[in-house]
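# Topology and contacts: notes
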Amino acid sequence: MTIFDIMGPVMVGPSSSHTAGAARIGRITRRLLGVQPAAADLLLHGSFAATGAGHGTDRALAAGLLGMEPDDPRLPQSFELAREAGMDLTLGKTTLKGVHPNSVLVRATAPDGHVLEVVASSLGGGRVKVCSIDGLEASFSGELPTLIIRNRDKPGMVAEVTSALSRHAVNIAAMQLYRDMRGGLAVMVLESDQSIPAAAVAELRACPGVVRLVYLDLEGAE
């Protein structure tokens, strides 16, 4: 535990969970999409839906999608800034299963029409957890560079992925495996100690058996 866990994050208030956490969720979604969204649907769940408007949750999510940090003084003006940036926002409510009360489904559309759907939760103190991407189970904090790989469930896939990362001198900090059924589709979530080189990401995308790869790059351009 650090002093930041006790005191909470540096942020624009009023709430570390409903405001700072929401801004981090929006920013992580933008990073996962790889570009500023042209449009986004923000569907609030539970406590986010019940009290989010008063805590600025919707504005914080929009601010994160614009690339703002939780302490950005422009956060309260995020709706206006989104309009100026050409980002169309739709606000709504939803009911999600098996998630924290402070959760949201963000459906972000890139300028080229590509859609990314993220379910994430704010756990308090500015900490967040990404629960799923495009309907695929995942569980990571967004604090480390992260690969989310959807692949065919077949022998050797884990070895291929980890070998490719080893060749590029990437050290794996944590790894999770999920699958829908034996021989069906599986998901690997890998967090690394350092940024993953573009060549490694390209090699993994081209790997036989990999259906889709999403990379959370914490050092790339906004």
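Look above for the structure.
Here's what I pulled together on the structure shown here. In this text, all values refer to a predicted model and were calculated from it rather than measured experimentally. Numbering of residues starts from 1 in every chain and runs along the sequence as written. Two thresholds apply to this predicted model, a pLDDT of at least 70 for residue-level local features and 80 or more for giving and counting side-chain atom pairs, whereas whole-chain, interface and lining totals are computed over all residues. Neither water nor hydrogens contribute to the side-chain values; these are computed over all heavy atoms in the structure.

### Focus: the environment of Leu-89
Within the secondary structure layout, Leu-89 lies in strand E2 (residues 88-93). On the accessibility criterion, Leu-89 (25% relative accessible area) is partly exposed. Taking the C-alpha atoms as reference points, Leu-89 and Ala-62, 27 residues apart in sequence, are found 7.9 Å from one another. Throughout, a contact is declared for two residues whenever any of their heavy atoms are within 4.5 Å. Setting aside chain neighbours within four positions, we find Leu-89 in contact with Ala-40, Ala-62, Leu-65, Phe-79 and Ala-82. Numbered from the N terminus, helices here are DSSP runs of H or I no shorter than four residues, and strands are runs of E no shorter than two. Relative accessibility decides the category of a residue: with a 1.4 Å probe and only protein chains considered, values under 20% of the type maximum give buried, values over 50% give exposed, and everything between is partly exposed.

### Focus on the sheet that holds strand E10 (residues 210-216)
Either a parallel or an antiparallel arrangement is found when strands of a sheet pair, and the pairing is made through backbone hydrogen bonds. Strands were regarded as paired on the criterion that DSSP finds at least two bridges between them. Taken together, 4 strands build an open sheet; the order of strands is E8-E9-E7-E10 and the sheet is antiparallel. Two strands close off the open sheet at either side, each with one partner strand: strand E8 (172-179) and E10. Going across the sheet, the axis of each strand differs from the next one's by a mean of 15 degrees, ignoring polarity. Sheet topology places strand E7 (residues 146-152) next to strand E9 (residues 185-192); 7 bridges connect them, and they run antiparallel. Residue Arg-152 lies in a different strand from E9, and its bridge partner there is Leu-185. Contacting E7 and E10, helix H7 (residues 198-205) runs over the sheet at an angle of about 160 degrees to E10. Here an angle of 0 to 180 degrees is reported between the N-to-C directions of two axes, which are lines fitted to C-alpha atoms, with helices fitted over the stretch in contact.

### Looking at the pattern of salt bridges
When a carboxyl oxygen of Asp or Glu is within 4 Å of a side-chain nitrogen of Lys or Arg, the pair counts as a salt bridge. Going through the model one piece at a time under the given rule, you end up with 8 salt bridges. A salt bridge links Arg-107 to Asp-41; the nearest nitrogen and oxygen atoms lie 3.4 Å apart. Taken together, the positions of Arg-107 in strand E3 (residues 102-109) and Asp-41 in strand E1 (residues 39-45) put the pair 66 residues apart, joining distant regions of the chain. Taking the shortest distance from any N to any O, the salt bridge between Arg-59 and Glu-80 comes out at 3.5 Å. Here Arg-59, found in helix H4 (residues 57-65), pairs with Glu-80, found in helix H5 (residues 78-84); they are 21 residues apart in sequence, far enough to count as distant. In this structure Arg-59 comes out as partly exposed when scored by relative accessible area, which is 26%. Through salt bridges with shared partners, a single network forms among Asp-41, Arg-107 and Glu-117.

### A look at a nonpolar patch on the surface
Together, Val-158, Met-175 and Leu-177 line one region of the surface with nonpolar side chains, adding up to about 230 Å² of accessible area. Summarising the element assignment, Val-158 is placed in helix H6 (residues 157-167). Like charges within 9 Å and nonpolar side chains (Val, Leu, Ile, Met, Phe, Trp, Tyr) within 5 Å are joined into patches, using only residues over 30% in relative accessible area that form no salt bridge. The Shrake-Rupley method, run with a 1.4 Å probe, gives the accessible areas here. Residue values count only the displayed protein chains as cover.

### A closer look at H6
Listed as buried for H6 are Met-157, Val-161, Ala-164 and Leu-165. Each buried residue of H6 lies within a common arc of 95 degrees when the element is viewed along its axis, so the set occupies one face. Exposed and oriented more than 90 degrees from the buried face of H6 are Ser-166 and Arg-167. Check the buried side of H6 and you find it contacts E7, E8, E9, H7 and E10. By definition, the arc is the one covered by directions from the helix axis to the C-beta atoms.

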